[in-house]
Amino acid sequence: MGKTLFDKVWDSHVVERISQGPDVLFIDRHMIHEVTSPVAFIGLKNRGLKVMSPERTFATADHNTPTKNQHLPVKDPLSANQLKTLERNAKEYGISYWGLGHKNNGIVHVIGPEQGITLPGATIVCGDSHTSTHGAFGAIAFGIGTSEVEMVLATQCIMQVKPKKMRININGELNKGVTPKDIALFIISKISTSGATGYFVEYSGSAFSDLSMEGRMTVCNLSIEMGARGGMIAPDAKTFEYVKGREFSPKGNDWEKAMKFWKTLSSDKDAKFDKEFSFNSNEIEPMITYGTNPGMGLSILQKIPSKDPEKSENISYKKSLNYMGYKEGEFMLGKKIDYVFLGSCTNGRIEDFRAFSSIVKGRKKSNRVTAWLVPGSHNVMNAIKEEGILDILENSGFELREPGCSACLAMNDDKIPKGKYVVSTSNRNFEGRQGPGARTILASPLVAAAAAITGEITDPRKYL
Amino acid sequence: MTYDPLKILESTAVPLPIENVDTDQIIPARFLKATERVGFGENLFRDWRYNQDGSLKNDFILNNENFSGKILIGGKNFGSGSSREHAVWAIYDYGFRCVVSSFFADIFKNNCLNIGVLPVQISDQFLSQIFDEVYRNPKTIIKINLLEEFISVEGIEKTEKISITAYKKDNMTNGFDDIDYLVNIKEKIKNFSSKRNF
């Protein structure tokens, strides 16, 4: 029987199979950040262990960092302590550390690909669920807990039961105004936030292969929001072109050797998947969410669905709408909003800033809207300046902040106030995610830009 | 960090019949700034448990003195979202050793098994029976027998099997974790590593 892309990568990393138990999986690349690593280092110390492969480990500061005045000391003492702890641990164990202000600094899932740390056919983990992003390169990449961070630091391995395999096929050209974010929100709205739990997803078909690497990253990033541990796309010429010549990617002979393996990385024709979904690209419209999980999404033109009040699961549905201040049967179009957040590991790349600026160019930000535009990394920030996007944004009344996770999880000061509505290009609309009482509407950079101009939910297609 | 072995647990339970309870609800990100594993239990379900001024929300189940115990019963798709192990630390530190639901998110489940909280996945029908029974009688005792792999509930005839791999069961009933195992095969791992191209 043929093998799937996932099988090929997984099987080549199994150090040992435990009968009636998990596989011991070798990890090629381990990314760490300030929030989920400190307790892992304490564990390491308590057991008297060392970091087994510091050269396979990369540290960055992103979750808990300010997005203004990064050259000044971090004001919040708890955040400052967490950042210092990471720096100290990285130094002590010989791990590359890219702190605030470093040219390679940025959101862990943005900088991994930028630096060539993310490679096809590799296994990549990080104490962050959106590690699934790196699957865009045909890597097996998934988020882990702190105990597992400790495991990988100590032994460069992790123990995992091999997940089941799912394939999601979408073919055909995308409709006008439809971005990678809309594809992902569409899939999640169809299969729910637990539809892929227990599975690793392969995205297949021209709707994915036609995307740029940035677009593929956005899709794979959101795999976790359908419950999947990760998602991947078979590497192709576009992938190799992107990876080549980056700081940590293989060079010379190593490159040739790697390419030989990488070219085998696609699912065999007779490979079997445990579950398969197929959709048509023309079903997908610009999407928007109306509730408190990413599965509560619809086309921007649709009404909020009505649910049978007799069913028990609908208690959670009502609770969700109540939190959002919305009612069944209402249109999302025209609803007033207060904040716009462009950024995060989902939509904080250069392509997202290009898309946003394509709409706001020559127009003005609405007075009722506070906009936070946060690049995913220093590299993205520099590109925004070099490509003249910063001028467009500033002429339209926007200001650019400094890189980090920012309002996506609101660990720093970038918190949306209680009861306020934010159109956010991030990944989670959970209650309180972007600040206690904040109401999140997930959307693409195009929808966010249209909302930033009008101050309400607006179909971006009229500006394209 | 090792934990106390868990073999058989008999306890009353706290019912939380909400679906898709995500890890941001279990512990909001603003409480993840610690560099040690202390104080997470206090902030378990922070924004459901407390008002913004710090006063208790009386309608939340953890603030209802009729309900207590070492078992938390949650609605379907429990623990979705972020990979933060802090969510399970909060559950453990608050005093729960077991979470019962009809469906768990993957990373949450792994995190539970790694730090000694037993996730018990049961059918939707059994879950709704247990919710009814616990609401009817908050003193209902639930028995988690990990040694024999079943869950039973006082007042309900039906029992269900606890599904767990032999490896994880051995860990949980002895208080072992994966690092103990991995450290023992370090030479094999080093050998594997030396043959990697990247």
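No experiment lies behind these values; they were computed from the predicted model shown.

**Q** Would you explain the overall build of chain B in this entry?
**A** Of the regular secondary structure elements, chain B holds 8 helices and 8 strands. On C-alpha atoms alone, chain B measures out to a radius of gyration of 18 Å, which is about the 16 Å that the 2.2 N^0.38 rule sets for 198 residues. For chain B, the residues scored as buried account for 45% of the 198 residues in total. Intrachain contacts of chain B at a sequence separation of at least 6 include 67% that bridge at least 24 residues.

**Q** How should the sheet that holds strand β2 (residues 23-26) of chain A be read in this particular structure?
**A** What the 3 strands build is an open sheet, ordered β1-β2-β8 (chain A); its pairing is antiparallel. Across the chains shown, the open sheet's two edge strands, defined by having one partner strand only, are β1 (14-17) and β8 (157-160) of chain A. Taken over all neighbouring pairs, the strand axes of this sheet differ in orientation by 20° on average, direction set aside. As paired strands, β1 of chain A and β2 of chain A are joined by 3 bridges and run antiparallel to one another. Within β2 of chain A, the residue paired with R17 of chain A across the bridge is D23 of chain A. Running at roughly 145° to β1 of chain A, helix α8 (residues 186-194) of chain B makes contact with β1, β2 and β8 of chain A of the sheet.

**Q** Would you mind going over the sheet that holds strand β6 (residues 142-145) of chain B with me for this structure?
**A** Within a beta sheet, neighbouring strands are joined by backbone hydrogen bonds and run either parallel or antiparallel to one another. Residues and elements named next belong to chain B. Spatially, the 4 strands line up as an open sheet ordered β1-β6-β7-β8, and their pairing is antiparallel. Two strands bound the open sheet, and with one partner strand each, they are β1 (8-11) and β8 (159-161). When strand polarity is set aside, the average angle formed by the axes of neighbouring strands in this sheet is 10°. Pairing between β1 and β6: 4 bridges, direction antiparallel. Counterpart to L9 in the pairing with β6 is I144.

**Q** I'm lost on the pairing of strand β3 (residues 29-32) of chain A in this one. Help?
**A** Residues and elements named next belong to chain A. Of the two faces of β3, the one lined by R29 and M31 and the one lined by H30 and I32 are each fully buried. Sheet topology note: the β3/strand β6 (residues 123-126) ladder contains 3 bridges and is parallel. Considered in β6, the bridge of R29 is made with I124. Crossover handedness for the path β3 to helix α2 (residues 38-46) to strand β4 (residues 57-60): right-handed.

**Q** What am I meant to see in the packing of helix α6 (residues 180-191) of chain A against helix α8 (residues 213-221) of chain A here?
**A** Between two packed helices, what matters for the description is the angle formed by their axes and the separation of those axes. Residues and elements named next belong to chain A. Interaxial distance between α6 and α8 falls to 8 Å at its minimum, and their mutual angle equals 25°. In this view, α6 runs roughly parallel relative to α8, as classed from their interaxial angle. Crossing hand, α6 versus α8: right-handed. Note on element contacts: α8 touches α6 through G215, T218 and V219, opposite P180, K181, I183 and A184.

**Q** Explain the interface of chain B and chain A to me, please; I cannot follow it from the model alone.
**A** By convention, interface size is frequently given as the accessible area that disappears when the constituent parts associate. With 51 residues of chain B at the contact, the number on the chain A side is 65 residues. Going through the elements one at a time, α1 (23-26), α4 (106-115), α6 (166-174), α7 (178-184) and α8 of chain B are the ones with two or more residues in the side of chain B that touches chain A. With 6 residues, α4 of chain B is the largest single contributor of residues to the side of chain B that touches chain A. Taken together, the residues that form the side of chain B that touches chain A break down as 18 nonpolar, 17 polar and 16 charged.

**Q** How do you make sense of the environment of Q156 of chain A when you look at a structure like this?
**A** For Q156 of chain A, the position within the fold is in the loop between α5 (146-155) and β8. Sequence separation between Q156 of chain A and V51 of chain A is 105 residues; the distance between their C-alpha atoms is 8.4 Å. Among residues more than four places away in sequence, those in contact with Q156 of chain A are F26, I27, M52, S53 and R56 of chain A together with I189 and S193 of chain B.

**Q** Please clarify how the environment of T458 of chain A should be interpreted in this entry.
**A** Residue and element names in this part refer to chain A. Residue position: T458 is located in the segment after α16 (445-454). According to the C-beta neighbour criterion, T458 is buried, with 24 such atoms within 10 Å. Separated by 126 residues in sequence, T458 and M332 have C-alpha atoms that sit 8.7 Å apart.

**Q** I tried to follow the nonpolar core on my own but got confused; where do I start?
**A** Generally speaking, nonpolar side chains in soluble globular proteins are found buried as a group. One finds C157, V340, V422 and A448 of chain A to be the most contacted residues of the largest nonpolar core, which totals 148 residues. With 8 residues, α16 of chain A is the single largest residue contributor to this core. Counting only domains with at least three residues in this core, you end up with domain 1 (5-262) and domain 2 (287-463) of chain A. Dropping the residues within four chain positions of it, A448 of chain A is found in contact with V340, L342, F356, V423, T425 and A443 of chain A. With 46 residues, the next largest nonpolar core counts I26, L44, I73 and L113 of chain B among its residues.

**Q** Help me understand the domain arrangement of chain A, please; the structure alone is not making it clear to me.
**A** Residues and elements named next belong to chain A. Per the domain assignment, the segments making up chain A are domain 1 (5-262) and domain 2 (287-463). Computed from C-alpha atoms alone, the centre-to-centre distance between domain 1 and domain 2 is 24 Å. Counting from both sides, the interface comprises 38 residues of domain 1 and, opposite them, 40 residues of domain 2. Residue assignment for the side of domain 1 that touches domain 2 shows that the elements contributing at least two residues are α4 (108-114), α6 and α8.

**Q** Can you walk me through the packing of α2 of chain A against α5 of chain A in this structure?
**A** All names here are of chain A. It is the contact of α2 with α5, at a shortest axis distance of 8 Å, that shows an interaxial angle of 50°. Here α2 lies oblique to α5, going by the angle between them. Where α2 crosses over α5, the handedness of that crossing is right-handed. For the pair α2 and α5, contact is made by V39, A40, G43 and L44 and by T146, V149, E150, L153 and A154, respectively. Classifying every residue of the contact of α2 with α5 gives 6 nonpolar, 2 polar and 1 charged.

The rules we used
Residues numbered from 1 in each chain as written. Chains lettered and ligands numbered in written order. Predicted model: local features only at pLDDT ≥ 70, side-chain atom pairs only at ≥ 80, totals over all residues. Helix = DSSP H or I, 4+ residues; strand = E, 2+ residues; numbered from the N terminus. Rg over C-alpha atoms; globule rule 2.2 N^0.38 Å. Buried ≥ 20, exposed ≤ 12 C-beta atoms within 10 Å, placed from the backbone. Contact = placed C-beta atoms within 7 Å. Pairing = 2+ DSSP bridges. Axes fitted to C-alpha atoms, helices over the stretch in contact; angles between N-to-C directions. Right-handed = clockwise from strand over helix to strand, strands pointing away. Parallel < 35°, antiparallel > 145°, perpendicular 65-115°, else oblique. Left-handed = near helix turned anticlockwise from the far one by under 90°. Nonpolar A, V, L, I, M, F, W, Y, C, P; charged D, E, K, R; others polar. Core = buried A, V, L, I, M, F, W, Y, C linked by C-beta atoms within 7 Å. Domains from an automatic or database assignment.

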